[in-house]
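Single-letter residue listing:
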Amino acid sequence: MPHFAKPAEGSWTAHYPELGTGPVSYEDSISPEHYELERDAIFARTWLNVGRVEQLPTPGSYFTKELVAARTSVVVVRGADGEVRAFHNVCRHRGNKLVWADFPREETSGVCRQFTCKYHGWRYGLDGGLAFVQQEDEFFGLDRADYGLVPVRAETWEGFIFVNLDRDGATSLRDYLGALGAGLEGYPFERMTQVFKYQAPVGSNWKLFIDAFAEFYHAPVLHAKQAVADESRKLMNVGYEALAYRLDGPHGMVSSWGGMSPPKDPSMVKPIERVLRSGLFGPWDRPTDIDLPPAVNPARSRAWGVDSFHFFPNFMVLIWAPNWYLTYHYWPTSYRSHIFEGTLYFVPPRSATERVRQELAAVTFKEYGLQDANTLEATQMMLESRAVTEFPLNDQEILLRHLHQTAGRYVTDYQNVLT
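In this numbering scheme, every chain counts its residues from 1 along its sequence in written order. This being a predicted model, a pLDDT of at least 70 is required before a residue's local features are given, and a value of 80 or more before pairs of side-chain atoms are given or counted; all residues contribute to the totals for chains, interfaces and linings. Side-chain numbers here rest on the full set of heavy atoms in the structure, without hydrogens or water.

**A word on the packing of helix α4 (residues 206-213) against helix α8 (residues 352-383)**
Logical step 1: Note on definitions: angles span 0 to 180 degrees between N-to-C directions of axes, and those axes are lines fitted to C-alpha atoms, for helices only across the stretch in contact. Numbering goes from the N terminus for both helices and strands, where a helix is a DSSP run of H or I of at least four residues and a strand is a run of E of at least two. Contact pair α4 / α8: the axes reach a minimum separation of 10 Å and the direction vectors enclose 130 degrees. Judged on the interaxial angle alone, α8 and α4 are oblique. For α4 against α8, the interelement crossing comes out right-handed. Residues Leu 208, Phe 209, Ala 212 and Phe 213 of α4 form the contact with α8, whose own contacting residues are Tyr 368, Gly 369, Asp 372, Ala 373, Leu 376, Thr 379, Gln 380 and Leu 383.
Logical step 2: Only Asp, Glu, Lys and Arg are considered charged, only Ala, Val, Leu, Ile, Met, Phe, Trp, Tyr, Cys and Pro nonpolar, and every remaining residue, Gly among them, polar. Classifying every residue of the contact of α4 with α8 by side-chain character gives eight nonpolar, three polar and one charged. When an angle is under 35 degrees it counts as roughly parallel; over 145 it counts as roughly antiparallel; between 65 and 115 it counts as roughly perpendicular; any other value is oblique. In this scheme the crossing of two helices becomes right-handed for a clockwise turn of the near helix relative to the far one and left-handed for an anticlockwise turn of less than a right angle. Whether two residues touch is decided by their heavy atoms; if any such pair falls within 4.5 Å, the residues are in contact.

**Notes on the pattern of salt bridges**
Logical step 1: The term salt bridge refers to a pairing of a side-chain nitrogen on Lys or Arg with a carboxyl oxygen on Asp or Glu at a separation within 4 Å. Applying the stated rule across the entire model yields 19 salt bridges.
Logical step 2: We note a salt bridge from Asp 395 to Lys 6, for which the minimum N-O separation is 3.0 Å. Of the two residues, Asp 395 is situated in the loop between α8 and α9 (398-418) and Lys 6 in the segment before α1 (12-15); the sequence distance between them amounts to 389 residues.
Logical step 3: Only protein chains enter the calculation, and the probe is 1.4 Å; a residue is then buried if its accessible area is under 20% of its type maximum, exposed if over 50%, and partly exposed in between. In this structure Asp 395 comes out as buried when scored by relative accessible area, which is 13%.
Logical step 4: What makes Lys 6 partly exposed here is its relative accessible area of 30%.
Logical step 5: Asp 81 serves as the salt-bridge partner of Arg 85, at 2.6 Å between the closest nitrogen and oxygen.
Logical step 6: Residues joined by salt bridges that share partners form a network here, namely Glu 36, Arg 39, Asp 40 and Arg 71.

**With respect to unusual backbone geometry**
Logical step 1: A cis geometry characterises the amide bond from Phe 312 onward to Pro 313, with omega recorded as 10 degrees.
Logical step 2: Along the polypeptide, Pro 313 turns up in the loop between β14 (304-311) and β15 (315-320).
Logical step 3: One non-glycine residue, Asn 297, lies in positive phi territory at about 50 degrees.
Logical step 4: Mapped onto the elements of the fold, Asn 297 is located in the loop between α7 (271-276) and β14.

**Section: the sheet that holds strand β6 (residues 114-116)**
Logical step 1: Taken in spatial order, the three strands make up an open sheet running β6-β7-β8, and their pairing is antiparallel. Strands at the two margins of the open sheet, each flanked by one partner only, are β6 and β8 (130-132). Here the average twist between neighbouring strands, direction ignored, is 35 degrees.
Logical step 2: Criterion used throughout: strands pair if DSSP finds at least two bridges between them. Relative to β8, strand β7 (residues 123-125) is paired through two bridges, and the arrangement is antiparallel. Residue pairing in the sheet places Arg 123 in a bridge with Phe 132 of β8.

**Some points on the side chain of Lys 207**
Logical step 1: Relative to the assigned elements, Lys 207 resides in helix α4.
Logical step 2: The class of Lys 207 is buried, set by a relative accessible area of 0%.
Logical step 3: Within 3.5 Å is the distance limit for a polar contact, defined as a pair of N or O atoms, with the added protein rule that one can donate a hydrogen and the other accept it, and that residues adjacent in sequence qualify only through two side-chain atoms. Only 3.2 Å separates the side chain of Lys 207 from the backbone oxygen of Asp 28, close enough to count as a polar contact.
Logical step 4: One polar contact links Lys 207 to Glu 38, side chain to side chain, over a distance of 2.8 Å.
Logical step 5: Those residues in contact with Lys 207 that lie beyond four places of it in its chain are Asp 28, Ser 29, Glu 38, Leu 403, His 404 and Ala 407.

**Let's talk about the packing of α4 against α9**
Logical step 1: Where α4 contacts α9, the axes come no closer than 9 Å and their chain directions differ by 155 degrees. Here α4 lies roughly antiparallel to α9, going by the angle between them. By crossing handedness, the relation of α4 to α9 is classed as right-handed. Contacts between α4 and α9 involve Lys 207, Ile 210 and Asp 211 from the first element and Leu 400, Leu 403, His 404 and Ala 407 from the second.
Logical step 2: Across the contact of α4 with α9, the residue classes tally to four nonpolar, one polar and two charged.

**Some thoughts on the sheet that holds strand β11 (residues 194-202)**
Logical step 1: If you walk across this open sheet you meet the seven strands as β11-β17-β16-β15-β14-β13-β12, and the pairing is antiparallel. The open sheet is flanked by β11 and β12 (244-248), the only strands paired with a single partner. Averaged over neighbouring strand pairs, the angle between their axes works out to 15 degrees when direction is ignored.
Logical step 2: Sheet analysis places β12 next to strand β13 (residues 251-257), joined by five bridges and oriented antiparallel. Counterpart to Leu 247 in the pairing with β13 is Gly 252.

**Remarks on the packing of aromatic side chains**
Logical step 1: Any two rings among Phe, Tyr and Trp, with Trp reduced to its six-membered ring, count as a pair given centres within 6.5 Å; such a pair is stacked if its planes are under 30 degrees apart, edge-to-face if over 60, and tilted if neither. Under the defined criterion, the tally for this structure stands at 33 aromatic pairs.
Logical step 2: Look at Phe 189 and Tyr 325: their rings are 4.9 Å apart centre to centre, the planes differ by 85 degrees, and that puts the pair in the edge-to-face class. Taken as a pair, Phe 189 in the loop between α3 (173-184) and β11 and Tyr 325 in strand β16 (residues 324-334) lie far apart in primary sequence, 136 residues in all. Neither Phe 189 nor Tyr 325 differs from the other in exposure class; each is buried.
Logical step 3: An angle of 20 degrees between the planes, with centres 6.0 Å apart, marks the rings of Tyr 328 and Phe 365 as stacked. Taken together, the residues Tyr 328 in strand β16 and Phe 365 in helix α8 connect sequence positions 37 residues apart.
Logical step 4: We classify Phe 365 as buried; its relative accessible area is 3%.
Logical step 5: Site record: aromatic cluster; members linked through ring pairs are Trp 157, Phe 160, Phe 162, Tyr 187, Phe 189, Phe 309, Phe 311, Phe 315, Tyr 325 and Tyr 345.
Logical step 6: The criterion is that NZ of a Lys, or CZ of an Arg, lies within 6 Å of the ring centre and within 35 degrees of the ring normal, and then a charge sits over that ring. Note that Lys 118 overlies the ring of Trp 100, its terminal NZ or CZ placed 4.9 Å from the centroid.

Written as structure tokens, this is what we have:
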């Protein structure tokens, strides 16, 4: 018998019949040719989250983002008028990368009045306009108005900055994020400015890591040592069932039990967690003045602990019951590698004790994430053997079916346009 109610159809997967229930292929995660299509069909045409407005506190604040899958780099800047803009990070003279520090493949940030190319000294204003040309009289009828930085569509949602490289795309960011995005509006993201961020290169396809965080079926097994031995055995015996799943266009979410802070019994957690009153699920002493928006805990379950929202293609937001949130990003660098980013956001600590509690949650998460990354490299290796080509998915892996079908549909639609 299920521990939590399922839809009238008897399963979450059957509730969305377009998904089917048969075995799935992971050829889309091991094919170099398919990845090349994804680069143009997905990453060059969808809204991509590249940061938050807190990274641009004043006019002239900027940061760069490397979008390897989309074959470009962008610079995001707050203009003198306060507006957030984005541009392709390329000088219009000879194509040099415009904004970089010591190493051109690394991201950077700072504050400036103008952007100056390291190669020949061309300068651009914060609005992207060409402001200065070295030895301008040596050029032939050059009109500065024709050589400003190439703009990139940029919009913000709840303080998150997104870019879209498709110049002809008509869908606004808010429309793209759909009902799931609308249902998260009002969560106090802007209050949670204490940030801990991790980044790691992972030797797997980008979708495989999303698969890992789109289901908690693996948690009692892969993350068994995150709990004390007795509690781990209990979790293994119980297994995992979600409170709810929701699909919305290309996006999806899973609502889960757990995340108890404090635990029902202190003996359930490790000694350091008992001493510091914190752990993987966050500090035990939570902010109490936070109202949750309607998309959070859709089952309205008393057992609720965390909701994981996946906004296609590569952005996830996790809202935790102890009133903090976490984001994941998966930035492809090849068909078999990507950069994983995990960022934790808390209300700023009011004391050293609160700071240490947040730091314990952050380092515990780092261990948790590395366990997945390690496993996914093993998955990638053996998928590439093609010794097995079809794989069964259970009802707790519904978001995996949805992700791979969605990515495949974007590729098919793109190919149809080309032909």
